[in-house]
Amino acid sequence: MAETLKLTIEEVPAVAGKVNVHIEKDQAAVRVDFGVTQDPRFFERFLKGRPAVYAPHVMSRICGVCSVVHLTCSIEAVEKALGVEPKPEVKALRDLAKGFENVQNNFVHVLMALPDYTGDGNVVQFSKSHPQLFARMMDINRRILEAYRRICGRFIHTPSLGVASHGKPITKSELEYVGREMARVSTELYDLAGSLAEIWNPIAQGFEDPAPTYCVLKPPREEFPMFSNGLMFSDGFVVSAERYGEVIEERKLPHSNAKIALYRGKPFYVGSRARMQAYFTLLTSEARELIKTLGVDFSNPFDNVKAQYVETAHLSGLLAEKALELASRIGSGVAFYREEKVPETSGEGVGLATAPRGVLIHHYRVRDGKLEYANVITPTVMNARHVEVTGGALVSWALSKGVDEARVKDLVAALVRAYDPCLPCAVH
Amino acid sequence: MISVVKVKIDGKVVEVEPGTTVLEAAEKAGIEIPRLCVVPGLYEGSSCRLCLVKTPAGRLFPSCNYRVYRDEEFLASTPDLWEMRRVNFELLLKFHRIECWACERKSSCSLVELSKELLVDGIPVCSECPLPPNECLLLKGELCLGMIAQSGCNAECLVSGGECWGCRGPITREDILERAFTHYRELGFDVKEVIGKAEIYWNSAPGFATVKKVAERVAGRG
Amino acid sequence: MGKLEGSNEVSVLPDKVFEGVPKAPYGLLEALRRVQAVYGYLPPEGIRRAAEYVGVPFAQAYGVATFYHQYSLEPIGKYRILVCMGTACHLRGNSLNIEFLRTLLGLKPGRKTTEDKMFSVEEARCFGCCGLAPVVVVQKPDGGNEIVGRANPRTLRALVERYRRQERGGAK
Amino acid sequence: MNWTLLDRCCEKCTHSPEKPCPDYIECRLSGPLCHDDERCREMRRQRLEELRYGEKGAKIKVPMASCTLATGAEAVYHAVEDAVKNMGLEATITISGCHGLDFIDPWLELSAKGMPTAIYANVKPSDVPRILEEYFVKRDVSRAFALKERVGAASGEDKVPLLGELGFWAKQYKWVSRNCGVVNPESLEEYVASGGYRGLSRAFKLGPEATIEEILKSGLRGRGGAGFPTGMKWRITRQQKATPKYVIANADEGDPGAFMNRLLAESDPFRIIEGLTIAGYAIGANQGYIFVRAEKPLMAKRLQKAVEEARRCGLLGKNILGSGFDFDIEVILSAGAFVCGEETAMIAAIEGKRAWPRQRPPYPAEKGLWGKPTAINNVETLAHAATIMAEGAEKFAAIGTEKTKGTKMFCVTGAVKRVGAYEVPIGTSIRVLVEELAGGAPEGVKVKAVQIGGPSGGCIPANLLDLPLDYETLQGAGAIMGSGGIVVIGHENCMVDVAKFFLTFTSAESCGKCIPCRVGLRVMWSILDKITKGEGTEEDLQVLRQVAETVRSASLCALGGTAPNPVLSTLRYFMDEYAAHIREKLCPALVCSALIKYRIDEEKCIACGQCAMNCPASAISKIESGKYRIDESLCIKCGVCYTVCPVKAVYKVTGARAG
């Protein structure tokens, strides 16, 4: 094994945004730097002094992929800060919209990351080597989006979700359509799992995650949570949303434009792999069955993608039930929830949301309706330090297994893709 | 008397009986020519000049009015023709009292369709907004920038139940802005509040200076 | 331009006024000229009467009345001052002269006739006597025309004062 | 004697209104033809003598055309009547048209047997007794302006130049305006005596086809502005099967600064009526119209009187001159719209509608007045037609250039010494017309440009004055022949202001039917207005050109189609003035009021107070030093002080110096 090693992955391919990964090995010590070169836009800063009700609309522009999670998490924070209680239907529709984004986003993430596991290199190659499979996955994605459009109109930066209001008029038949469609998607996903499992070869089998602490949302009710008022950690520690700052600390590293977050000074990870372990008891039996068929090894970070697949399957079923249940509550005619005038009070609020890649925190302080202070901690920021630590362990593990340098670079790139390819989120 | 006339438009030949207008022949040949003022049987047309076509020799004729009696050839889609139609349409729009937020005809307005076809900006989002004038969000106290924002997006946000934030840039025609801000004030919105929201997208837009100028003028009226 | 208020009954003009005017649509221009000769301008009922005589719809007659410069829908002043806007007259300064007259008579923009209905100042098309540019023609109440050649502010002020004195001292 | 040339000379003559004799016209002058009688011939000679020198051997001709009336010809006429009565003169007083020399209006022409015919210029009523006394009593012509011929019997004859030798007369070729100022416009007899109606009777002899052939051979092109070959227009209209057909004389002459048609119609109306009759005969139309401009009522009165006179003498009505051809003319007075000069708009006006042009095709030759074939010609064209038929096509074709034959009447106005109407062969250079005929610019004024063709024409810079006047060359230089109005622009006029003036005119005159003209002209005007106010920018010019191009190519009729020419030609030749207005915000010609300021030079000011008294906005007040000062905040820049100041103490400043 070479004594000293210096590798750099210039702009990891197939990720959103730009990141360079520097790998240095000196004797036994391996250092991996996750150098994000994407330029920050200072959302928290330029919204200062603007009316708080503008924040959600602007915050959703942090990234077009998960625009709904930023929008809704920001809405939660603003509602708490202004002391506004949305109607139950509005809250239900918001959960529904948030759920859709998780399903759609995780599913596309799986599709994007799959070529690493099947050895096809990229999605285009994957679509040539597995045409029917690719076609069925594309069809599922179309179905999800078509259903989503009934709830919120446009998918990216959806304009119908507002502070304590839901603009798009919804009818009973539309919700029933959504219910039917999502049920079909759920069964589709379970059937697909079988054929996917055959081609889903593991990467770095046997590699163990060196820092297995994770963080998830504390479920307010006995179901997979979209929003919550508290955080739950793998060591059983629970903290309320308002006091997240006591345990989670953000720090800026010289080699990256993005900040990192540490739980009591130590790295931790967030995302589907964490959620599948934390909410194992809340999963449906089919979902638990699916974990076995896919052979998900929770300790191996690469299996995060498999965990996302399971989450998609479980959530689509959950959405189907919720849509039908909401449909029964809405009588005939059109449901239409517009909030007349939001009060311009003062206060502080922290919104927590389950983002596809992990936990998202929006923390606002508002004075007379104007935003005074804003702090956003995104999943990529939380995962950043953990990727570096896991990356280092992966390199030494791979070198010990005699893997050559080129393969090591691919492995680290695959790790980033499996974990958290969303750099715009990192440098909001 | 020859019973059939061959008309060649943009290379496509179509047979029509003598006395038909070039416009009808073009329709038969499936060629789209913009038009506005001709109403068969009511008005002979040749006023809006949008349907001008060119003979190979370069002479211009309004296709709605030019009747063919012998085999002739016309060009209907050369770049200079489109350019002339675009400038001509802009002239037409300039003196139209644009007030789509209060206009009953906005959902069936041929000016809006033509502005899309001829890529002419300057019409407020209200022209594409699905909500009829009496259900406008402004009446419900929601601050929507549709009146002073460029259309062309098929009012996507309005269709999805949100309000317009003017992401395609401001209207810069002063008479429209004048009427819009006066309407905002009538409905109880503070002009500064409107400018505050518009700033999000238009802060560095070149036309924003005009918007602010008109806003101050209207606000100053007390 | 006068609005179309006023009664809509047909005026009492006898046929003698239209004597010699062809009783067909193409006589409309001449018929309207006869009405204007009687009233000094075209009141709505006058237009109606002319339209009825030549047998065209009132709308068409109104359209013609507003199209041509010679017809005026609002009462004209006793002295109708026509400032020629031909090329030669413009170059020799008639655009300044009309500005001077309007300020002198205190005419607000858009108003042609003074409050006391004494004077009206209008832009006129080229009279064709460009040798005397700039030309101002005054249509006097007695039907005669006074032509002022090489008009400049001083002569125009003198002209207005002369007519005012004439009016004050009773027609000499 | 009470016999006139138009009457039958004796019983042998068979001519009567019911049965007109085909050779009636030739017989007037070279008759009697059907019988030989020395007495009849002698009667004609004597009558001609009377027409020349009046019944009592002395004749006073007072010009009664709009231009002379405007300068006081009415008063001169009464002064002549009184003088003749008081002096007991044996002289007949007649009226005449005008030569077109506006700078000598009002003039007087005296003729007597044995005396040279003399023209006196700028006659005031008070001068009349003195002039009559000098001419008729003292037989002294030394104070005359010009003589028509020399007789050698009057004193001072050698001191006065012959009219023919004067520059502004010699260079002219009085072909169609030969009778202007010579004959009495209301007397058919004088017209016939001058050779009138020979054209019509020759046309009857040749027949319609041959008449059209003759006009085609002469190469006559329309004088209204478009220059379409007249023979061709007549031929197409004749070939149409639909009946009845019409002919229209276009006497609308809307161009500001153009009065050649007015001069022709007020001085020699019968030539136009003869021309229209020939046109009717050639095309086979039995009804003709003359559409006259509203602002020229005298023109309409003269034409109406001439029509009645012609009808009375059997030259209009049924079976004219025994040719079996019936023809009548109706004179229609417009109600004031420049667009009526356009063929199809004129048709709409005659039909009693708003003067909205119609899209061509179909051309008026196929479907014109009331949907019937109609030929529309300018009055000057018709006058040419009558003269060509009388004199023969060769004589006409000998003049002019190979592409355009014959002569054209031009009106030269603006910054020239001798404003007037001049008829010159086509192809004469602008310089000859402006400098030699019209006397060039007055002292202290330098010619900057020449505007040709009215609102549809263009401005040609002074350095291109040697261009020949014909359709194609002018088109190439950015102007058009148009009606023939030439306005000379001095250096104290601003070209941007001139362009704006024309747009003010055309945008006000636009009939409103089609978008490019109705809206485009007003947009162009507002841009020029911005420029004259110093608020213009570079891309304003770009927009101006783009809109001008669209208006020119997309407009329905010639008004919109040519209205941008003044702007485009000033942009082409006078870009420096536009740049001065846009970049340095100053008006080099000190015209645009927003960019100039009026100031009083306190040394020159003699504190007479004229300016303060005349200032309509009372912006001038006396200051401590007793002199006067203008308060620039109140000043409306009307220029009164500038004109009334006796010592020229008021001056104008522009740009940076305006401060």
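Residues numbered from 1 in each chain as written. Chains lettered and ligands numbered in written order. Predicted model: local features only at pLDDT ≥ 70, side-chain atom pairs only at ≥ 80, totals over all residues. Heavy atoms only, no water.

**Observations concerning the overall build of chain D**
No. 1: Summing up its helical and strand segments, chain D has 26 helices and 18 strands in all.
No. 2: The globule rule puts the C-alpha radius of gyration for 659 residues at 26 Å, and the 28 Å found for chain D is close to it.
No. 3: Across its three principal axes, chain D shows a C-alpha extent of roughly 90 × 65 × 40 Å.
No. 4: Burial analysis of chain D (659 residues in total) assigns 64% to the buried set.
No. 5: In chain D, of all internal contacts separated by at least 6 residues, the share reaching a separation of at least 24 is 69%.
No. 6: Roughly 23,200 Å² of accessible area belongs to chain D as shown, and the carbon and sulfur atoms make up 54% of that amount. (Helix = DSSP H or I, 4+ residues; strand = E, 2+ residues; numbered from the N terminus. Rg over C-alpha atoms; globule rule 2.2 N^0.38 Å. Buried < 20%, exposed > 50% of the residue type's maximum accessible area, 1.4 Å probe, protein only. Contact = heavy atoms within 4.5 Å. Areas by Shrake-Rupley, 256 points an atom, 1.4 Å probe, with all protein chains shown as cover.)

**Things to note about the overall build of chain B**
No. 1: Of regular secondary structure, chain B possesses seven helices and five strands.
No. 2: For chain B, the sequential pattern of α-helices and β-strands runs β-β-α-β-β-β-α-α-α-α-α-α.
No. 3: Compactness check: chain B gives a C-alpha radius of gyration of 22 Å against a globular reference of 17 Å for 222 residues, more than 25% above the reference.
No. 4: Along the first, second and third principal axes, the C-alpha set of chain B runs to 70 × 30 × 30 Å.
No. 5: Counting across all 222 residues of chain B, residues that qualify as buried make up 53%.
No. 6: Contacts spanning at least 24 positions in sequence make up 58% of the contacts within chain B whose residues lie at least 6 apart.

**What to know about a negative patch on the surface**
No. 1: Judged by side-chain charge, Glu344(A), Asp368(A), Asp190(B) and Glu193(B) come together as a negatively charged surface patch.
No. 2: In this fold, Glu344(A) is placed in the loop between β12 (334-337) and β13 (347-355). (Patch = residues over 30% accessible without salt bridge, like charges linked within 9 Å, V, L, I, M, F, W, Y side chains within 5 Å. Salt bridge = Lys/Arg side-chain N within 4 Å of Asp/Glu carboxyl O. Lys, Arg positive; Asp, Glu negative; His and termini not counted. Charge placed at Lys NZ, Arg CZ, Asp CG, Glu CD.)

**As for the interface of chain C and chain D**
No. 1: Between chain C and chain D, the contact holds 38 residues from the first and 56 residues from the second.
No. 2: Each partner contributes to the roughly 3,900 Å² buried at the junction of chain C and chain D, and carbon and sulfur atoms together form 61% of this total.
No. 3: Contact with chain D buries area across many residues of chain C, yet Tyr26(C), Phe67(C) and Leu91(C) alone supply 17% of it, more than any other trio.
No. 4: At the junction of chain C and chain D, the tally comes to one salt bridge.
No. 5: Notably, a salt bridge pairs Arg125(C) with Glu509(D), separated by 2.3 Å at the nearest N-O pair.
No. 6: If you look at where chain C meets chain D, you find 19 residue pairs in polar contact (both at pLDDT 80 or more).
No. 7: At the level of elements, α1 (28-39), α3 (58-67), α4 (87-91), α5 (94-104) and α6 (153-168) of chain C are the ones that each hand at least two residues to the side of chain C that touches chain D.
No. 8: Its residues assigned to classes, the side of chain C that touches chain D comprises 22 nonpolar, 11 polar and five charged. (Buried area = accessible area lost by both parts, 1.4 Å probe. Polar contact = N/O pair within 3.5 Å; in protein donor to acceptor, adjacent residues only side chain to side chain. Nonpolar A, V, L, I, M, F, W, Y, C, P; charged D, E, K, R; others polar.)

**A word on the side chain of Ser111(D)**
No. 1: Note that Ser111(D) resides in strand β3 (residues 108-112).
No. 2: Not counting residues up to four positions away in its chain, the partners in contact with Ser111(D) are Arg52(D), Tyr53(D), Gly57(D), Ala58(D), Lys59(D), Thr117(D), Tyr135(D) and Phe136(D).

**Section: the packing of helix α2 (residues 44-54) of chain C against α3(C)**
All names here are of chain C.
No. 1: It is the contact of α2 with α3, at a shortest axis distance of 9 Å, that shows an interaxial angle of 120°. Remark: the crossing between α2 and α3 carries right-handed chirality. From α2, Pro44, Ile47, Arg48 and Ala51 reach across to α3, where they touch Phe58, Ala61, Tyr62 and Ala65.
No. 2: Partitioning the contact of α2 with α3 into residue classes produces seven nonpolar, no polar and one charged. (Axes fitted to C-alpha atoms, helices over the stretch in contact; angles between N-to-C directions. Left-handed = near helix turned anticlockwise from the far one by under 90°.)

**Quick look at the interface of chain A and chain B**
No. 1: With 16 residues of chain A in contact, the opposing surface of chain B contributes 17 residues.
No. 2: Carbon and sulfur atoms make up 53% of the surface buried where chain A meets chain B, a total of about 1,500 Å² over both sides.
No. 3: Seen at the junction of chain A and chain B, the total is one salt bridge.
No. 4: Ionic pairing is found between Glu199(B) and Arg50(A), a salt bridge with its closest N-O pair at 2.8 Å.

**Regarding the sheet that holds strand β3 (residues 136-139) of chain C**
Residue and element names in this part refer to chain C.
No. 1: In spatial order, the strands read β2-β1-β3-β4; together these four strands make up an open sheet with mixed pairing. Lying at the two open borders of the sheet, with one neighbouring strand each, are β2 (119-124) and β4 (145-148). Direction aside, the axes of adjacent strands within the sheet are offset by 20° on average.
No. 2: Pairing of β3 with β4, which is carried by four bridges, proceeds in the antiparallel orientation. Its bridge partner lying in β4, valine 137 is registered against isoleucine 147. (Pairing = 2+ DSSP bridges.)

**Considering the pattern of salt bridges**
No. 1: Scanning the entire structure with this criterion turns up 100 salt bridges over all chains.
No. 2: Put simply, Arg552(D) and Glu549(D) hold a salt bridge, and the shortest N to O gap is 3.1 Å. Linking Arg552(D) with Glu549(D), this pair stays in helix α21 (residues 538-554), spanning three residues, or about one helical turn.
No. 3: Judged by its relative accessible area of 38%, Arg552(D) falls in the partly exposed class.
No. 4: Through salt bridges with shared partners, one network takes in Glu76(A), Glu79(A), Lys80(A), Lys91(A), Arg94(A), Asp95(A), Arg221(A), Glu223(A) and Lys322(A).

**Thoughts on helix α10 (residues 304-329) of chain A**
No. 1: With 26 residues, α10(A) should reach 38 Å at 1.5 Å per residue; the first-to-last C-alpha distance of 36 Å fits that figure.
No. 2: With respect to burial, α10(A) is a largely interior element, 21 of its 26 residues being buried. (Expected span 1.5 Å × (residues − 1).)

**Brief notes about the packing of aromatic side chains**
No. 1: Taken as a whole, this structure holds 43 aromatic pairs over all chains when the rule is applied.
No. 2: Residues Tyr79(C) and Tyr163(C) carry aromatic rings whose centres are separated by 4.4 Å and whose planes lie at 35° to one another, so their mutual orientation is tilted. Here Tyr79(C), found in strand β1 (residues 79-84), pairs with Tyr163(C), found in helix α6; they are 84 residues apart in sequence, far enough to count as distant.
No. 3: For Tyr79(C), a relative accessible area of 3% puts it in the buried group.
No. 4: A relative accessible area of 1% places Tyr163(C) in the buried class.
No. 5: Between Tyr135(D) and Phe136(D), the ring centres sit 5.0 Å apart and the planes meet at 80°, which makes this aromatic pair edge-to-face.
No. 6: The side chain of Arg85(B) reaches across the aromatic face of Trp82(B), ending 4.7 Å from its centre.
No. 7: One Lys or Arg, Arg48(C), reaches over the ring of Phe58(C) and ends 4.2 Å from the middle of that ring. (Phe/Tyr/Trp six-rings, centres within 6.5 Å; stacked < 30°, edge-to-face > 60°. Lys NZ or Arg CZ within 6 Å of the ring centre and 35° of its normal.)

**Some points on the nonpolar core**
No. 1: If you look at the biggest cluster of nonpolar residues, it comprises 152 residues, and the most contacted ones within it are Phe100(A), Leu231(A), Phe302(A), Tyr309(A) and Ile361(A).
No. 2: Excluding residues that lie within four positions of it along the chain, Phe302(A) makes contacts with Tyr117(A), Ile203(A), Ala204(A), Leu394(A), Leu411(A), Ala414(A), Leu415(A) and Ala418(A).
No. 3: If you look at the next biggest cluster of nonpolar residues, it comprises 127 residues, including Cys129(B), Ala149(B), Tyr184(B) and Ile350(D). (Core = buried A, V, L, I, M, F, W, Y, C linked by side-chain atoms within 4.5 Å.)

**Quick look at the arrangement of the chains**
No. 1: Where the three pairs of chains in contact are concerned, the greatest contact count is recorded for chains C and D.
No. 2: Taking C-alpha atoms as the reference, chain A and chain C come no closer than 45 Å and do not contact one another.
No. 3: Where chain B comes nearest to chain C, the C-alpha atoms are still 15 Å apart, and the two do not contact one another.

**Let's talk about a nonpolar patch on the surface**
No. 1: Where nonpolar side chains cluster on the molecular surface, the patch consists of Phe228(D), Met232(D) and Ile236(D) and spans about 250 Å² of accessible area.
No. 2: Here Ile236(D) lies in helix α10 (residues 230-239).

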